[in-house]
Amino acid sequence: MAALARRLASAGVTLEHLDLGGGLGISYDGKPVPDVADYVAALVGATRDSGCSLILEPGRWLVAPAGALVATVVDVKVHPARRDSWCSTRHDDLLRPALYSAFHRIVPLERDGRPA
């Protein structure tokens, strides 16, 4: 983006902003994610000479740790090759796995060692 902004400026088209979108990942499975300070340092270092201000969107990084989807298993169907669980939620309640196989941890809730 910074290289494009420089090329455009040399052609007489000056940009004011670079919208770099989101980018900070969320660790749903315990894998490391970039440190915020390191991420910002990399972006600033790469765009410093572009002459543009930066626009960043924190997206899920900001809000994902603040919530959880709670569902109840309402039925279990056993087939010879598999077992299907039917939940009280739908695909549109947590759409990312249905769209592109995104990983989300599923944790059973228990009370005193028994399912809650």
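Residues numbered from 1 in each chain as written. Predicted model: local features only at pLDDT ≥ 70, side-chain atom pairs only at ≥ 80, totals over all residues. Heavy atoms only, no water.

Undergrad: What am I meant to see in the side chain of S50 here?
TA: Counting through the fold element by element, S50 comes out in the loop between α2 (36-47) and β2 (53-55). Judged by its relative accessible area of 11%, S50 is buried. At a separation of 2.7 Å, a polar atom in the side chain of S50 contacts the main-chain carbonyl oxygen of T47. With sequence-adjacent residues up to four places away left out, S50 is seen in contact with A2, A5, R6 and L18. (Helix = DSSP H or I, 4+ residues; strand = E, 2+ residues; numbered from the N terminus. Buried < 20%, exposed > 50% of the residue type's maximum accessible area, 1.4 Å probe, protein only. Polar contact = N/O pair within 3.5 Å; in protein donor to acceptor, adjacent residues only side chain to side chain. Contact = heavy atoms within 4.5 Å.)

Undergrad: Where do I start with the pairing of strand β3 (residues 73-78) in this structure?
TA: Strand residues, when the strand is regular, have side chains that alternate between the two faces of the sheet. Strand direction decides the pairing type here: β3 and strand β4 (residues 83-87), joined by five bridges, are antiparallel. If you follow K77 over to β4, its bridge partner there is D84. Between the antiparallel neighbours β3 and β4 lie four residues. (Pairing = 2+ DSSP bridges.)

Undergrad: How do you make sense of the environment of V44 when you look at a structure like this?
TA: When you line up the elements, V44 lands in helix α2. It is 8.4 Å that separates the C-alpha atoms of V44 and L54, two residues lying 10 residues apart in sequence.

Undergrad: It is not clear to me how the environment of D29 should be interpreted in this structure. Could you clarify?
TA: Its location among the elements puts D29 in the loop between β1 (17-19) and α2. Once the C-alpha coordinates of D29 and P80 are considered, the two residues, 51 residues apart in sequence, prove to be 30 Å apart. Residues in contact with D29, not counting those within four places in the same chain, are F103 and R105.

Undergrad: Would you mind going over the pattern of salt bridges with me for this structure?
TA: Side-chain pairs of opposite charge can arise whenever the charged atoms involved come near each other. One pass over the full model with this rule turns up four salt bridges. D49 serves as the salt-bridge partner of R6, at 2.8 Å between the closest nitrogen and oxygen. One end of the pair, R6, is in helix α1 (residues 2-10); the other, D49, is in the loop between α2 and β2, with 43 residues separating them in the sequence. Residue class for R6 comes out partly exposed when judged on its relative accessible area of 35%. Exposure remark for D49: the relative accessible area of 55% places this residue in the exposed category. (Salt bridge = Lys/Arg side-chain N within 4 Å of Asp/Glu carboxyl O.)

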